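# Structural characterization, general
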Amino acid sequence: MNSLDAKANAVGYGGGEVAVLSDSRYVHLCGNALRFAPCPTDDELASSNEEELRWCEGADVGVITTCREQGIIAYAERHKSLEDPRIFVHHVKENAVVAVLSCHGELGICALALCRHSHRLVAIGDIPDHNIMLWDWRKKCKLSSISAKMSRAVNVSFDPANTNVFASTGTTLQLWEIEENDEVVSCYVGDLHKEDRDIVHHCWGAEGTLFLASDGGEILHVSARTGGRVGGRSWARVADCGIASLAVTMKHLLVCCVDGQMIWLSNDSYEVAMSMKCSQGAISSISFTSDYHRLVAGTTQGSIVTYKIPPALLSDSEEEVEEEQTCSELEPSLGSVLFMRAFASMPVLCVVGSRGLFSVWLAPAMRLLSSVRFDCNLSIVALSEEAKVAALGSEDGQVMVLDMSDVKAPRTVFSCPAHSSRVLGLSFPSPSLLLSASSDGSVVFFSISRGSVSLLRRLQMEEVLSVDMYQQTHLFVSTKSRRLFILPVPEHGEEEQEQEAVTRGGQEEQEGAVLPAAMISFKVIASSQPNAGRLVGWLADRSLRSFTFTLLPLSLREMSSCKDFSSPGTSLAVSEDGEVLLAGGADGRLYLKTLASLEGGLQRSRHRRLLWRLPSGRGAGRERGERKAGVSCLELGNGAMRGWFFSGGHDSAIIAQPLNSRSSKPLDFVPSSSPGLLALLPSLEENDAQEGEEAAAEGAGSADPVLEKRKSSIRRRRAEEGGVIREQLEDLKEKFDMILSNNRTCPEEERLNRTDIIVDVKERQRLLDMADAMVANVRQEISRVNDAKEEEALQIKSLCFDAMEVTQLVVVPLGKGSERLYSFPLKKQTEEELKAFERVTMMRKIEMRENELRAPHNLPCDVPSNDLVLSMSQFKDHLAARGQKLRGGETDEKQDGEGGEEQEEQEEDKEVTDLLYNAMDLTLRERKLNQIVLLRQIIRRIKTRFNQKVDDLIKFKSNQIDKIDEKNARLLEIAEEIGVEEDILKLDLADSERAGESLKVKDSEIQAEKYLSAAEKAAREKQKEEEEARKAASAKDDGVARALQEMMYGTLEVPKKEKEIQIEKPSFYDFPPDTLTDEQVKLIKEYDKQVQLMEEEKEKLRKTLEAEAKKIRGEIQGVIDAFNHRLTSHIEFRRQHNSRILEVELEVSLLLDSIVKEEDYKMHFDRLTRKVDTTYLDYTGSTSAMKEFRRELEQFREEYETLLNEDKSVEKTFKKEFVDSPFVDELTKLFKKRKQQEAEAEGRALTLDPFAGKETGREGARPEPMSMDELPDGLSREQGERFLELRGSKMELEMAVKSNAKKLLAMNQHMSELKMLQAEAFQHYENAKEALKTLQDEHLMDVFNLYMLVKLKQGQVELDGESMHDAGNDAAMIEREATERLNSLIKTLGQEKISLMIETKDFRKKIHLLDWTNQSLQFQAEEVAENTRYFQLVWVTKELQSV
């Protein structure tokens, strides 16, 4: 059973919030569904299988918000339809709606907000009341409701740091607080100096602040607690246009303007840190990932853009922000999806949008293959699969034709303003005919040929609503006057005048069928009966009806209808078998029905009813709705996409969905290799370029009117000649078609071949020339690739092979064996290295000679760098001798046969080893560098000596192979004499044993057969003929060869059969015995005896030869075993040499490490020294500032205490003077009384807003004085005046005390800050000193750490007891960690050495691959050329066409 709930794919973004759920996933509304798409990462783009589409509950969902912390999504129905709008709370992980909240009495929901850390949800209703509703979505109950009608709120958000506060903006800002009883009350909002500004957007900042954006490009930073302006700043203009959205990071405020400009401002100073422009239009929705590495934004143009934000932006860097498109966005955006058509032979969907974009998609995965942008708004598309042509119609009546030979690169080859209004219908009755119909009533036919697209004829009717084609023979047209007409599709060859007469006459005579209402959209289905079928369509009275019809004349009969629709219909799609109907409505619903009965069926809301956009003028931040139909187009797939349907809407969404779970999987996309009908036609861009060149060539000569008149007449004459030529060509075409038809129907023996009736020889030659040009281009491209690879191979060879003095050779054993002997590769020494060795050698000899001259005179020589090394002199001599012994390669126990060789090696290296420094003397940087040069020279000599041994071994192996070959030759001779087959061992040097042999590519390594061109084959045949002719000519004069051929049959060797003794067999040997004579019997016995003797001799000879062969085999095996034994001994020598090399390399690494550590120490020492000086200056400066401010604070505190004393003295004076007065109680109350306005002013002065006083420009309100009338009756005038004087003094002192108290509080706070700064500066100073002292201590320990390598062996006593006892006072304990570090270092260096050797070995594979690839590409080029010629010259028969 068909279903509309199957899993689907979709693309398209039509507005709303784009929310990031995690660092790799975001969600947005796509039609009436939630689309989850992957964010790109640094390593790789996320895979397409991470995309997911979840259908929304409800209809016309237009508002969405998310809560990343709780993993929930809330969405709401934007406008009221049949019931009250609802809010749905969707849990992401559970993939289920956990709450449905019904907003009774509301017309729609325009904004939603979720609290991060509670279950509260705030919704704002649509006009006219703008009610703010607070919900507990977990309990599914409404907590409170209050109207925001005064501010016309359209945006709302919770304070991220306070779950009880949220803000709403509309024409102004309103702050709301949730009380303990869950009632929402409006908070105090300060004067925003709004004037005529509208607040279009807001976002929360740090510490409970809000950033507001106006429609004039201004921003304001206010406090959410007090409503005051943060920093005292008023509105600041940051852009010349309206602001669309805001976002806040740790240090920046991101302002997105309606013109696409993105400005990064500093939070505190509004300084522009960075500015860039979004290429996809204004950004309407922003969401950061949790790590703030990316920004996902939705634009007003319908694109989803991701920005990769560099971390440096959060630290005030000038690095630019990178803009990148997500792998799942509509790029570029389609706008309203107006029409779509699918290919039947491949899974490709063609879509046109309202913004002039024609896009090609891989369906049903919905991956964009290509797109073409036009300057006009498109309305319809039609496809011709046979011709591989697409036709487009526009809103202003233009018709464009595109070549679709390559769907990944469509080409526009024709454009014509065929109509004056919107194109409603396009169809291909045949591959060579295109018709278009417009709402102005015009129907135009176009002729399509291989070389051109031309307008054929035009028809005129009344205003058209919709069109559809019936069996490619009749055009059904519905008009605004509720009529349905049928126009026959004219034949391509009819005369133009006759066609105009027929069509105009047909319109006058045919009245057409009258419909119950105007038909907006319809589909025609052919039936099995001729000139009959079914028709189903949407009518203007919101009904869906089906009819049966017959042609000639047209008659309709209604079969069924369905009128239960709440909105008008917009589009229809019918399955290939005509049984399933898919209908779309203006409310975004899809209806799945059967043509047998339109009642019932399934319906689902798949698209949104309204499209919400941001205008570009003033007030651009507020959303304004524009009413659009929901579903705009439908397509039911067939062929490659059978069982799938596609729907497009005005909400920019394209949804691909199977009809049921049993729908077949779409075929894989395979690009077509054959060209289309218009493949040879140039595109319009190429024509424009050519016309521009012709216009430039004409110059200024066109200004002459006579010349212009002459040119005009020439153009008219050429046009007339072109018409005549076109008619002649049509006649020729008819005749040629008749010839071809007769040739196909004639008898077999009379039928001509296709090549025999070629008419256009020039066209054939042109095709051949074009194929040759294509082959030449392919050859040129292959040659270019080959040259590039050859150049790369040469560079690799020069860097990796030519730069080596000795390449690595690998000796393999004879016969079977897995052991290998590797030589040491040596790189060529540069001139700098040779000069450095010569310099070090000369300097070291001079230094040693100087020490020898100083020694007899007791002068200091070879003085180490510090005194501690001198104190270890006793241990020094012993270790020095030990180290010298190890450098010479000596060990306490030598292997057998190694002593002589090691002695010779030591003698050879003596000239270098004598120059080495003692390990205890390597305390200076220059000595360490010299020691490194000498040690590397020792390594090179060791490798060179061993490589010489490897070369000698290879020569020895070659000699042994020659001996084995000689013995094998004798074995073959014996086998031939005995008459048996001998399996000999064929040996040869391996490629790895010959220098440079691995770089050569042998013919046996190439498995593919070499392809020879015709020229190469001809050259080879010619060479072969010349060789045969030369041999024939030389054979005529060769008398020796002729004599040898005549006498010995061309060979000097005696045949084996002739070497054997021939015993003649008697002719009567096989006669019966009773017929033989005695003489014959005697001869037979002698013959048998001779044969027996000959057989015995043969057997004896055979045994002798077998014994010889066995001996030779043993000798061969002995030679092999002897060589393999020698190879094994050389492998052991290699291990020993490698051990010695690694020892010396380790010593070099340790020396380099000590040099690097010394340089690091100097760098860190300078840095820490500067830091100590800087922190000391900061500490002294903060201390002096604190001392100076402390004196000011003490002085001000004394003044404050003086004021307090004066205040107390005034009060005491009042009590003293009026204590005896009968009105003392009343006067005391009046003395302390302050008016209410004074208290209010005082309260405002003490508000928590730190900038309130600066806004008003006053420090505080002064209390009004008291008059005599307010004093008690009976009080004398003198006492009254004295009372008022004391009261006035009291109030003045109170104001001064309060003012000074504030100042004293501020000064105390400042004093605390200074103390804190001083403490921090002191702590930084102490930390810097401690770090410097630690560094100096570590360096002091490293100075005395001198590395010396000692070769150890298990069970061997490295130091004798006597020397240990004598040197015990100077001995030192070494930590175990030091030994472990050394072992780890040795392993690391070994791994590096192994990796280097592996890289050196593997480079040969690349060269082999390059050579093989070059030849493979050449073979492919030749094959393409041959296939091209074959397909161009093949005879196309009916059987081949059917295939």
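Being a predicted model, the structure only gives us computed values, none of them experimental.

### Remarks on the overall build of the protein
Counting its secondary structure elements, the protein contains 20 helices and 62 strands. Burial statistics for the protein: of 1443 residues in total, 42% are counted as buried. Excluding contacts between residues fewer than 6 apart, the proportion of contacts in the protein whose partners are at least 24 apart in sequence is 55%. Carbon together with sulfur atoms contributes 51% to the accessible area of the protein, which is approximately 80900 Å² in total.

### Observations concerning the confidence of the model for the protein
Within the protein, residue pLDDT values average 77, and 78% of them lie at 70 or more. Long-range and interchain partners of residues 44–48, a stretch whose pLDDT sits below 50, account for 6 contacts in this model, where long-range means more than four residues apart. The model gives residues 323–331 a pLDDT under 50, and that stretch makes 42 contacts with residues more than four places away or in other chains.

### Digging into unusual backbone geometry
Going from Ala363 to Pro364, the amide bond is cis rather than trans, its omega being 0 degrees. Note on placement: Pro364 falls in the loop between β32 (357–362) and β33 (367–373). Phi is positive for Arg482, close to 65 degrees, though the residue is something other than glycine. Here Arg482 shows up in the loop between β43 (474–479) and β44 (483–488). With relative accessibility at 39%, the residue Arg482 sits in the partly exposed group.

### Quick word on the pattern of salt bridges
Considering all chains together, one arrives at 40 salt bridges under this definition. Arg844 is the salt-bridge partner of Glu847, the closest N and O atoms lying 3.4 Å from each other. One end of the pair, Glu847, and the other, Arg844, are both in helix α5 (residues 831–854), 3 residues apart, so they sit about a helical turn from each other. When the shortest N-O distance is used, the salt bridge between Lys1290 and Glu1211 registers 3.6 Å. Residue Lys1290 is found in helix α17 (residues 1277–1343), and its partner Glu1211 is found in helix α13 (residues 1078–1218); the two are separated by 79 residues along the sequence. Residue class for Glu1211 comes out partly exposed when judged on its relative accessible area of 24%.

### Overview of the pairing of strand β31 (residues 348–353)
Of all 6 residues in β31, 6 are buried, a share of seventy percent or more. With burial as the criterion, each face of β31 is covered, one bearing Val348, Cys350 and Val352 and the other bearing Leu349, Val351 and Gly353. In this structure, strand β30 (residues 337–342) lies alongside β31, joined through 5 bridges in antiparallel fashion. Note on β31: the bridge partner recorded for Val337 is Gly353. The antiparallel hairpin formed by β30 and β31 contains 5 residues in its connecting segment. Sheet topology places β31 next to β32; 5 bridges connect them, and they run antiparallel. Within β32, the position partnered with Val348 by the bridge is Leu362. Where β31 folds back onto β32 in an antiparallel hairpin, the turn is made up of 3 residues, including Gly356, whose phi is positive at roughly 80 degrees.

### Considerations on the nonpolar core
If you look at the biggest cluster of nonpolar residues, it comprises 43 residues, and the most contacted ones within it are Val811, Leu814, Leu821, Leu934, Leu935 and Ile964. Of all the secondary-structure elements, those providing two or more residues to this core are α5, α9 (925–978) and α13. With residues near it in sequence (within four places) discarded, Ile964 still touches Leu814, Leu985, Leu987, Ile1116, Val1119 and Ile1120. Counting residues in each nonpolar core, the second largest holds 42 residues, with Val372, Leu378, Leu383 and Ala391 among its members.

### A look at the packing of aromatic side chains
This model, assessed by the stated rule, comprises 16 aromatic pairs. Ring geometry for Phe956 and Phe1123: centres 6.1 Å apart, planes at 25 degrees, overall stacked. Placement of Phe956 in helix α9 and of Phe1123 in helix α13 is noted, with a sequence separation of 167 residues between them. Of the aromatic side chains, those joined through ring pairs into one cluster are Tyr1176, Tyr1179, Phe1322 and Tyr1325.

### Brief notes about the sheet that holds strand β20 (residues 218–223)
Strand-to-strand pairing in sheets goes through backbone hydrogen bonds, with the strands running parallel or antiparallel. With respect to topology, 4 strands assemble into an open sheet ordered β18-β19-β20-β21, the strand pairing being antiparallel. The open sheet terminates on both sides in strands that have one partner only, identified here as β18 (199–204) and β21 (236–237). Direction of pairing for β20 relative to β21: antiparallel, over a ladder of 2 bridges. The residue bridging Ile219 from the neighbouring strand is Ala236, located in β21.

### Focus on the packing of α13 against α17
Packing of α13 against α17 leaves a shortest axis separation of 6 Å and a crossing angle of 165 degrees. With respect to α17, the axis of α13 lies roughly antiparallel. Remark: the crossing between α13 and α17 carries left-handed chirality. By residue class, the composition of the contact of α13 with α17 is 35 nonpolar, 14 polar and 16 charged.

About the cut-offs
- Residues numbered from 1 in each chain as written.
- Predicted model: local features only at pLDDT ≥ 70, side-chain atom pairs only at ≥ 80, totals over all residues.
- Heavy atoms only, no water.
- Helix = DSSP H or I, 4+ residues; strand = E, 2+ residues; numbered from the N terminus.
- Buried < 20%, exposed > 50% of the residue type's maximum accessible area, 1.4 Å probe, protein only.
- Contact = heavy atoms within 4.5 Å.
- Areas by Shrake-Rupley, 256 points an atom, 1.4 Å probe, with all protein chains shown as cover.
- pLDDT = per-residue confidence, 0-100.
- Salt bridge = Lys/Arg side-chain N within 4 Å of Asp/Glu carboxyl O.
- Pairing = 2+ DSSP bridges.
- Core = buried A, V, L, I, M, F, W, Y, C linked by side-chain atoms within 4.5 Å.
- Phe/Tyr/Trp six-rings, centres within 6.5 Å; stacked < 30°, edge-to-face > 60°.
- Axes fitted to C-alpha atoms, helices over the stretch in contact; angles between N-to-C directions.
- Parallel < 35°, antiparallel > 145°, perpendicular 65-115°, else oblique.
- Left-handed = near helix turned anticlockwise from the far one by under 90°.
- Nonpolar A, V, L, I, M, F, W, Y, C, P; charged D, E, K, R; others polar.

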